[in-house]
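Inside the fold
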Amino acid sequence: MKIAILLKQVPVKDATLKVNGDGLWIDEDNVTFEINESDHYGLEEALRLKEKHDGEVVVVTMGPERVKESIKQALAKGADRAIHINSSGYSNPDPIAHAKLLCAAIKDENFDLILSGLQSDDLGYGQTGVLVAEMLGMAHATLVMETDVQDGKIKVKRELEGGWFQSVELPLPAVLTIQSGLNQIRYATIKGIMAAKRKEIKEIAISDLGVSDADASGIQMHKIYLPVKTKQTVVLEGDTADIVSKLVDKLKNEAKVL
Amino acid sequence: MANGILVVLENNDGKISRIGWETLTAAQKIGSDLGIGVSAAVLGKDAKSMADSAAGKHADAIYAASNAALENYTPDGYTAALEQVIAKAAPAYIFVGHSYQARDYVAKLALRINAKIISDCIGYKVDGGSLMLTRQVFAGKFNADYSFSGNGPYIATFQAGAFSADGLQPGSAKVEEVAVDLSGTEIRTNVLDIFQGVKQEVDLSKAEVIVSAGRGLKEKDNMALVEGLAKALGGDVSGSRPVCDDGWLKIDRQIGSSGQTVSPKLYLAVGISGAIQHVVGMKNSKYIVAINKDPHAPIFEIADVAVVADLFEVVPALTKAVQEAA
């Protein structure tokens, strides 16, 4: 079984972020990056499927040079090789343009299964998996919580809202977007880290993908800014005893729960 | 010729869902500001009765698209049916609630009809006759303003709770049945079963006080801190998704888009960063106190009281003080 995992690198969850000079992205200095959470679960699911059904897991990622670190981490965990679309200097905000580039890089690979996370923790459009499926003419399922590959098809458990789930069957090849929490993510072993050094990372420049309208965008991002508060928030900080006495007063007089 | 805004009203088991009404409210406001009309569509095995339930709202037309193949939602079925409704209504804009269902098909629909798409919007501005949409980026740490460029149609999806359906304008809309032909559509998804994950044993929707745990508690043993505070306040315990995923708390106490929606008199968030998925489940709480050591935690954006401190110091001291005050 040939499996792709579309993996994105994003700032770590508790990173303190600042908007950069042009107001369209964050200042990346002093920011640590990691594999996007739901993509990480997707990687784990891909590795488990490979262990069960044989085949290979290919990491596909787009990003500047820094994403090599996440690629190496994925290879150390057991992915077989990687395709890195180097997007240094490319800043198109349109997920459709991104999906076109991803498809151009993977269309000749003929994957049986393409996994991605449900949504990225940076731009968070939540569209990439679905776009890739439609562009490659594959069936898809989103918010996947469980997978079961059968002969020529795959059965998945999808999360619906309000604690409901759905069980659906799709023909292969298919694209699945993975919901966080469906498995337990493994750690890389020392052996895995050593083995990763010999694994292939194929780097492709955007200009080599043959996508003539790579710069076209149907949407325009004007600026990123701190949200304007609609609520008056009182900040309590400093001495614990002081915080607690003010808080008790508020719980009594404002929330009226004491 | 392009005609106004078409809203897709989500069919939730034969009824129009809350996010459908919210999105219609958004369309009424934006349509009025842009000076364009609003219509809506509802899909299902028999969509007529649902369309009738929207006939008393302010809109030009409610399209009822019925077909036996639309009994269960599938991305192939919905996309093909909506393509046909859109061909008939020829809207300039298509608005859909950013529900789990919409996430599954709207991007596919956008490619089919060659539309531009901005997903998960929380607000808008109309400036000089053009529409600017606001959405959250970096997991809610920032907002970003977007506009469409090039030719339409333009699709926007709106986050649950971004607009309140209380603002829905009444009126009189004509219900129009659209004959949807899916005979040439291959529906690749086979829906086998729809089921409730865990029997919902706890209903937090009526709770007056909720103390909610986030991953800031670091490990399961520390849940006792939250339980102790909830007990002192006479309230219930809930948690964010990661806390339930990691088994620190039973999944039927999860708050957020995949769990329960609550609006207690007091929601006390302990070590919760405030990811969008969590916030949609609790932002209508009457009074929100958040304790987090990160001064930039998004939860503080919606809090009445932001306690920027180490929860391991504040929570035990607060529990003691509440016990003494009671």
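Residues numbered from 1 in each chain as written. Chains lettered and ligands numbered in written order. Predicted model: local features only at pLDDT ≥ 70, side-chain atom pairs only at ≥ 80, totals over all residues. Heavy atoms only, no water.

**Thoughts on the overall build of chain A**
The secondary structure content of chain A amounts to six helices and 13 strands. Principal-axis analysis of the C-alpha atoms gives chain A an extent of 65 × 40 × 40 Å. Going through the 258 residues of chain A one by one, you find that 55% of them count as buried. When contacts within chain A are restricted to residue pairs at least 6 apart in sequence, long-range pairs at least 24 apart make up 69% of them. Accessible area for chain A stands at about 11400 Å²; split by element, carbon and sulfur atoms hold 48% of it. One way to put it: in chain A the 31 positive side-chain charges average out to a point 3 Å from where the 39 negative ones average out. (Helix = DSSP H or I, 4+ residues; strand = E, 2+ residues; numbered from the N terminus. Buried < 20%, exposed > 50% of the residue type's maximum accessible area, 1.4 Å probe, protein only. Contact = heavy atoms within 4.5 Å. Areas by Shrake-Rupley, 256 points an atom, 1.4 Å probe, with all protein chains shown as cover. Lys, Arg positive; Asp, Glu negative; His and termini not counted. Charge placed at Lys NZ, Arg CZ, Asp CG, Glu CD.)

**What about the environment of Ala179 of chain B?**
Residue and element names in this part refer to chain B. For Ala179, the position within the fold is in strand β11 (residues 174-179). A relative accessible area of 76% means that Ala179 is categorised as exposed. For the pair Ala179 and Tyr63, spaced 116 residues apart in sequence, the C-alpha to C-alpha distance is 9.9 Å.

**Notes on the packing of helix α6 (residues 240-253) of chain A against helix α8 (residues 311-325) of chain B**
Contact pair α6 of chain A / α8 of chain B: the axes reach a minimum separation of 9 Å and the direction vectors enclose 50°. On the basis of their axis angle, the class for α6 of chain A and α8 of chain B is oblique. Read as a crossing pair, α6 of chain A and α8 of chain B show a hand that is right-handed. Seen from α6 of chain A, the contacting residues are Thr240, Ile243, Val244, Leu247, Val248, Leu251 and Lys252 of chain A; seen from α8 of chain B, they are Glu313, Val314, Ala317, Leu318, Ala321, Val322 and Ala325 of chain B. A class-by-class count of the residues in the contact of α6 of chain A with α8 of chain B yields 11 nonpolar, one polar and two charged. (Axes fitted to C-alpha atoms, helices over the stretch in contact; angles between N-to-C directions. Parallel < 35°, antiparallel > 145°, perpendicular 65-115°, else oblique. Left-handed = near helix turned anticlockwise from the far one by under 90°. Nonpolar A, V, L, I, M, F, W, Y, C, P; charged D, E, K, R; others polar.)

**Focus: the side chain of Asn86 of chain A**
All names here are of chain A. Relative to the elements of secondary structure, Asn86 occurs in strand β5 (residues 81-86). Take Asn86: its relative accessible area is 15%, and that puts it in the buried class. Among the polar contacts listed, one links the side chain of Asn86 to the side chain of Glu65, at a separation of 3.2 Å. One polar contact links Asn86 to Glu203, side chain to side chain, over a distance of 2.9 Å. Ignoring anything within four residues of it in the chain, the contact list for Asn86 reads Gly63, Pro64, Glu65, Glu203, Ile204, Ala205 and Ile206. (Polar contact = N/O pair within 3.5 Å; in protein donor to acceptor, adjacent residues only side chain to side chain.)

**Looking at the domain arrangement of chain B**
Residues and elements named next belong to chain B. The assigned domain composition of chain B is domain 1 (5-179) and domain 2 (204-325). With centres defined by C-alpha atoms, the gap from domain 1 to domain 2 works out at 33 Å. Taken residue by residue, the interface counts 10 residues in domain 1 and seven residues in domain 2. Buried area between domain 1 and domain 2, summed over both chains or domains, comes out near 700 Å², and the portion from carbon and sulfur atoms is 56%. Applying the counting rule to domain 1 against domain 2 returns zero salt bridges. Where domain 1 touches domain 2, the interface holds one residue pair in polar contact (both at pLDDT 80 or more). Considering only residue class, the side of domain 1 that touches domain 2 consists of four nonpolar, four polar and two charged. (Domains from an automatic or database assignment. Buried area = accessible area lost by both parts, 1.4 Å probe. Salt bridge = Lys/Arg side-chain N within 4 Å of Asp/Glu carboxyl O.)

**Focus on the side chain of Arg241 of chain B**
Along the chain, the position of Arg241 of chain B falls in helix α6 (residues 241-245). Here the side chain of Arg241 of chain B touches Ser258 of chain B through a polar contact of 2.7 Å, side chain to side chain. Residues in contact with Arg241 of chain B, not counting those within four places in the same chain, are Met145, Glu159, Gln179 and Ser180 of chain A together with Gln254 and Ser258 of chain B.

**Quick notes on the nonpolar core**
In this structure, Ile106 and Ile114 of chain A together with Tyr105 and Ile155 of chain B are the most contacted members of the largest nonpolar core, which totals 61 residues. Here this core takes nine residues from helix α3 (residues 95-106) of chain A, the largest share from any one element. Setting aside anything within four residues of it in sequence, one finds Ile114 of chain A in contact with Ala4, Leu6, Ile106, Val132, Leu136, Met138, Ala174, Val175 and Leu176 of chain A. Of all hydrophobic cores here, the second largest spans 49 residues; its members include Ala40, Ala51, Ile118 and Tyr154 of chain B. (Core = buried A, V, L, I, M, F, W, Y, C linked by side-chain atoms within 4.5 Å.)

**What about the interface of chain A and chain B?**
Counting residues at the interface gives 85 residues for chain A, matched by 80 residues for chain B. Of the roughly 7100 Å² buried between chain A and chain B on both sides combined, carbon and sulfur atoms contribute 57%. One can count five salt bridges joining chain A with chain B. Close ionic contact of Glu134 of chain A with Arg112 of chain B constitutes a salt bridge, the shortest N to O distance being 2.6 Å. Taken together, the residues that form the side of chain A that touches chain B break down as 42 nonpolar, 22 polar and 21 charged. The sheet contact formed by strand β12 (residues 219-225) of chain A and strand β9 (residues 142-148) of chain B spans six bridges and is antiparallel. Residue pairing in the sheet places Gln220 of chain A in a bridge with Ser147 of chain B of β9 of chain B. (Pairing = 2+ DSSP bridges.)

**A word on the pairing of strand β9 (residues 164-171) of chain A**
The buried fraction of β9 of chain A is high, at six of eight residues. Hairpin geometry of strand β8 (residues 153-159) of chain A and β9 of chain A is characterised by an intervening segment of four residues between the two adjacent antiparallel strands and by a positive phi of about 65° at Gly162 of chain A. Of the pairings in the sheet, the one linking β9 of chain A to strand β12 (residues 190-196) of chain B comprises six bridges and is antiparallel in character. Counterpart to Glu169 of chain A in the pairing with β12 of chain B is Asn190 of chain B.

**Observations concerning the sheet that holds strand β13 (residues 234-237) of chain A**
Ordered by their spatial adjacency, six strands build an open sheet running β13(A)-β17(B)-β16(B)-β15(B)-β13(B)-β14(B), and the pairing between neighbours is parallel. In this open sheet, the two strands that pair with only one neighbour each are β13 of chain A together with β14 (236-239) of chain B. Neighbour-to-neighbour, the strand axes of the sheet open up by a mean angle of 20°, direction not taken into account. When strand β15 (residues 266-270) of chain B meets strand β16 (residues 288-292) of chain B, the two strands line up parallel, connected through four bridges. Counterpart to Tyr267 of chain B in the pairing with β16 of chain B is Ile288 of chain B. Contacting β13 of chain A together with β15, β16 and β17 (305-308) of chain B, α6 of chain A crosses the sheet at an angle of about 145° to β13 of chain A.

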